[in-house]
Amino acid sequence: MEWIIKALILLLVILFLASPWLGRKKRKPEGFLKHHETLADERVLYLQQLADLEYDFQMDKISEEDYQEVKEELEEKLKEIYMQEEKNEEKARAMVEQWLREAEESK
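Residues numbered from 1 in each chain as written. Predicted model: local features only at pLDDT ≥ 70, side-chain atom pairs only at ≥ 80, totals over all residues. Heavy atoms only, no water.

Engineer: I keep staring at the overall build of the protein and nothing clicks. Help me out?
Structural biologist: Each helix and strand counted, the protein has three helices and zero strands in total. Each helix (α) and strand (β) of the protein, taken in turn from the N terminus, gives the series α-α-α. A buried classification covers 10% of the 107 residues belonging to the protein. Across the protein, contacts joining residues at least 24 apart in sequence account for 66% of those joining residues at least 6 apart. Carbon and sulfur atoms provide 59% of the accessible area of the protein, an area that totals close to 9700 Å². (Helix = DSSP H or I, 4+ residues; strand = E, 2+ residues; numbered from the N terminus. Buried < 20%, exposed > 50% of the residue type's maximum accessible area, 1.4 Å probe, protein only. Contact = heavy atoms within 4.5 Å. Areas by Shrake-Rupley, 256 points an atom, 1.4 Å probe, with all protein chains shown as cover.)

Engineer: Sorry if this is basic, but what is going on with the confidence of the model for the protein here?
Structural biologist: Interpretation of this model should avoid reading the predicted coordinates in detail wherever pLDDT is low. Confidence along the protein averages 82 in pLDDT terms, with 77% of residues attaining 70 or more. Mean pLDDT across the elements of the protein ranges from a minimum in helix 1 (residues 2-22), with 71, to a maximum in helix 3 (residues 64-105), with 91. (pLDDT = per-residue confidence, 0-100.)

Engineer: Just checking my understanding: could you explain a nonpolar patch on the surface for this structure?
Structural biologist: Judged by side-chain polarity, Met95, Val96, Trp99 and Leu100 come together as a nonpolar surface patch covering roughly 410 Å² of accessible area. Along the chain, Trp99 turns up in helix 3. (Patch = residues over 30% accessible without salt bridge, like charges linked within 9 Å, V, L, I, M, F, W, Y side chains within 5 Å. Salt bridge = Lys/Arg side-chain N within 4 Å of Asp/Glu carboxyl O.)

Engineer: Can you walk me through unusual backbone geometry in this structure?
Structural biologist: With the exception of glycine, the majority of residues adopt a negative phi angle, and the majority of peptide bonds are in the trans configuration. A positive phi angle, close to 60 degrees, is found at Asp60, a residue other than glycine. If you trace the backbone, Asp60 turns up in the loop between helix 2 (31-58) and helix 3.

Here it is in structure tokens:
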């Protein structure tokens, strides 16, 4: 009887540890959504780098000249990302409006 309990506990531990590999696979976003997700990830990365840069500057780890140079580069990259996200939002809005028109026409 004791070995049955040990075997069940061992089985539960194995299943728990293997659960990430046994679970359903997440569907990856395709096309438009995948690009949007990538931009959002990049935006978060650059915002974090900007925060880290600010912290390093406040702790006197980098010179003001280096701080300004890197800050301008990061801000430029963020500006490009925001502009691309805005374009994507406009595209998405246009796609939804088109779908709504088509749905209304098909009634």
